[in-house]
Amino acid sequence: MNSKEVNMPETTMITCTAPVNIAVIKYWGKRDEELILPINSSLSVTLHQDQLKTTTTVACSRKFHEDRIWLNGKEEYINQPRLQSCLREIRRLARKRRSEEDSSSKSLLSHRIHICSVNNFPTAAGLASSAAGYACLVYSLARLFGVEAELSVVARQGSGSACRSMYGGFVQWKMGERQDGIDSVAEQVAPESHWPELRVLVLVLIYIVCFQVSAERKPVGSTSGMQTSVKTSELLKHRADSVVPARMEEMISAIQRKDFRTFAELTMKDSNQFHATCLDTCPPIFYLNDISRKVISLVHRYNQYYKETRVAYTFDAGPNAVIYTLQDHVPEFVQAVQHFFPPESNGGQFVKGDDVAAAPLSEELIQAIGIEPVPKGISYIISTKVGPGPCMVEDSDLHLLGPDGLPKKSP
Ligand code: 2P0
């Protein structure tokens, strides 16, 4: 042991947070399962961490005997392949960067790691928890080891969509061409400050499907769903080869010009095409339910009433709707959602997150929409906006691991 090591603290600890992202051009299908290389590029909006985030503490110490991980309060299996890929890649980059003299960081590398991660939202509710989770893990480990390389390549190997959570604002994941995947990276298209009027509403549905006991579980996971789609859907191949390349360009241009109409229409078309490829999969995959479809009707009828595209929906591998709109339209649209999906009177707060002003809803608009109300169809709305990428938490009181390297007991 040299003098530097003697002076080192026993445990080095870093805590970071990372955001959720919601794609407006969807990723569905891999050309390489191990490296997680997609069959098409995709583009997403990073949501604000005030409402949706993962927090991760990573610690390393010579006192630790093995790598360990706790997710949302429960110890999980550390040897799962995607987790191991991220750990291996970060350690490799850290080693590459170290100069021979820098023995303190070299010894950090020889130590075992403890990881503790929590989400501030339900894990399997279709809110891309794996994206925020792997982005946060990779960012935290990189800060721990002082790695400054292109980290989206590492996050991608945890979960494809995670690479897009490495940046704030509007982010594209370029599919790349190389077999080794080093050109399959995320890139910021515009920062979070670019389009301040843009707003996001996450509509969390109450869904109780036959045979589905838990209200929060997805029926077919993304990883296996997209494998089946790649094998069986001709529509998916057509989409990847002939639709997405031009759509990416149109979407980037719409974002740069802050052209909401084009942004919204492409977002809805792309969500619908993704769900069409799910239906074209054999056996077919159904992510939308009756309530999702009512939300789709509500959005189209609302836009029709105003003869203007004011609101857009998008759906991922689950029935929850994510709505993009501009701030001026939020109060009335939220009121419309509340009218057509009346919440339980004692069901707690219906709108969470950013404040939404009360707004009148005209009888004429209600009549024009003309949907039969679905009581309790929507559990709650999360009102949020575009947000920044991963951040380091400076306050050491907020570490999720105690000085002993074990998760702190929640108060
Ligand atoms: C997306 N989704 O672009 C699309 C739209 C779901 C529907 O990225 O196998 O969890 O870990 O790479 O990233 C979900 O896929 O899948 C996803 P893996 P991931 O957001």
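Just so it is clear, the structure is predicted and the values come from calculations on it, not from any experiment. The numbering scheme is per chain: residues are counted from 1 as the chain's sequence reads. Local features in a predicted model are, by the rule used here, given only for residues with pLDDT of at least 70; side-chain atom pairs are given and counted only at 80 or more, and totals for whole chains, interfaces and linings are based on all residues. Excluded from the side-chain calculation are hydrogens and water; included are all heavy atoms of the structure.

Draft legend 1. Looking closely at helix α7 (residues 234-257). Helix and strand assignments come from DSSP, with helices taken as H or I runs of at least 4 residues and strands as E runs of at least 2, each series counted from the N terminus. Here the expected span of a helix is defined as 1.5 Å times the quantity of residues minus one. Given a rise of 1.5 Å per residue, 24 residues ought to cover 34 Å, and the 34 Å separating the end C-alpha atoms of α7 matches this to within 8%. At Val243, α7 shows its largest bend, some 50°, and a proline, Pro245, comes one to four positions later. Within the sequence span of α7, burial applies to Leu236, Arg239, Ala240, Val243, Val244, Arg247, Met248, Met251, Ile252, Ala254 and Ile255. Packing partners of the buried residues in α7 comprise β2 (21-25), β5 (42-46), β10 (170-173), β11 (186-190), α6 (222-232) and α8 (260-279). Two or three places before Leu235, at the start of α7, stands the capping residue Ser233, its side-chain oxygen 3.3 Å from that residue's backbone nitrogen. One or two positions beyond α7, positive phi appears at Lys258, with a value near 55°. We define the bend at each residue as the angle formed by axes fitted to the 7 residues ending at it and the 7 residues starting at it. For every residue, the accessible area (1.4 Å probe, protein chains only) is compared with the maximum for its type, and the residue is labelled buried under 20%, exposed over 50%, or partly exposed between those bounds. Pairs of residues are marked as contacts when any of their non-hydrogen atoms sit within 4.5 Å. In the analysis that follows, any N or O atom pair within 3.5 Å is treated as a polar contact, provided that within protein one partner can donate a hydrogen and the other can accept it, and provided that, for residues neighboring in sequence, both atoms belong to side chains.

Draft legend 2. Structural view of the side chain of Thr281. Along the polypeptide, Thr281 turns up in the loop between α8 and α9 (290-306). Residue Thr281 is classed as buried on the basis of its relative accessible area, which comes to 2%.

Draft legend 3. Seen up close, the site of the ligand. Near residues are defined by distance, with any heavy atom within 4 Å of the molecule or strand qualifying the residue. Taken together, the neighbourhood of the ligand is formed by 18 residues, with Tyr27, Lys30, Arg82, Ser159 and Ser161 sitting nearest. Note that an oxygen atom of the ligand is positioned 2.8 Å from one of the side-chain N or O atoms of Arg164. To measure how exposed things are, a 1.4 Å probe is used in the Shrake-Rupley method; for residues, cover is taken only from the protein chains shown. Contact with the protein chains covers 93% of the free accessible surface of the ligand, which is 470 Å². With 3 residues, α6 is the largest single contributor of residues to the shell around the ligand. Residues that form the shell around the ligand fall into these classes: 7 nonpolar, 6 polar and 5 charged. Under the convention adopted here, Pro, Cys and the residues Ala, Val, Leu, Ile, Met, Phe, Trp and Tyr are nonpolar, Asp, Glu, Lys and Arg are charged, and Gly plus all remaining residues are polar.

Draft legend 4. Just the nonpolar core, in detail. The biggest cluster of nonpolar side chains holds 68 residues, and the ones touching the most others in it are Leu203, Phe263, Tyr324 and Ile378. Top contributing element to this core by residue count: strand β12 (residues 198-205), with 7 residues. Buried Ala, Val, Leu, Ile, Met, Phe, Trp, Tyr and Cys residues that are joined via side-chain atoms within 4.5 Å together make up what is termed a nonpolar core. Of all hydrophobic cores here, the second largest spans 33 residues; its members include Leu93, Leu137, Val138 and Leu151.

Draft legend 5. Structural detail: the pattern of salt bridges. Salt bridges are defined as contacts in which a side-chain nitrogen from Lys or Arg sits within 4 Å of a carboxyl oxygen from Asp or Glu. Enumeration according to the criterion identifies 18 salt bridges in this entry. Salt-bridge contacts for Lys237 lead to Asp241; the nearest nitrogen and oxygen are separated by 2.8 Å. Residue Lys237 and its partner Asp241 are both found in helix α7; the two are separated by 4 residues, about one turn of the helix. Using a relative accessible area of 54% as the deciding quantity, one classes Lys237 as exposed. Its relative accessible area of 47% is what places Asp241 among the partly exposed residues. One salt bridge in this structure joins Glu265 and Arg261, with 3.5 Å as the shortest N-O distance. On the criterion of helical spacing, the pair formed by Glu265 and Arg261 is a turn pair, its members being 4 residues apart in helix α8.

Draft legend 6. Main features of the sheet that holds strand β8 (residues 74-76). With respect to topology, 6 strands assemble into an open sheet ordered β8-β7-β9-β6-β1-β17, the strand pairing being mixed. Strands with a single pairing partner mark the edges of an open sheet, and in this sheet they are β8 and β17 (391-392). Taken together, the 2 bridges between strand β1 (residues 11-19) and β17 define a ladder with antiparallel strand orientation. Along β17, the bridge assignment pairs Thr17 with Cys391. Lying on the sheet, helix α4 (residues 129-145) is in contact with β1, β6 (53-61), β9 (112-119) and β17; it crosses β1 at an angle near 145°. At least two DSSP bridges between two strands are required for those strands to pair. Think of each axis as a best-fit line through the C-alpha atoms, taken over the contacting stretch in the case of a helix, with angles from 0 to 180 degrees between the N-to-C directions.

Draft legend 7. Focus on the sheet that holds β10. Strand order in the open sheet formed by 4 strands is β2-β5-β10-β11, and the pairing between neighbours is antiparallel. Lying at the two open borders of the sheet, with one neighbouring strand each, are β2 and β11. Pairs of neighbouring strands in the sheet enclose a mean axial angle of 35°, with direction left out of account. The pairing of β5 with β10 spans 4 bridges and is classified as antiparallel. Note that in β10 the partner of Val45 across the bridge is Phe170. α7 contacts β2, β5, β10 and β11 of the sheet and is inclined by roughly 110° relative to β2.

Draft legend 8. View of the environment of Ser110. For Ser110, the location among the structural elements is in helix α3 (residues 103-110). When the C-alpha atoms of Ser110 and Ser61 are compared, they prove to be 9.1 Å apart, with 49 residues separating the residues in sequence.

Functional significance is not addressed by these values, which are geometric in nature.
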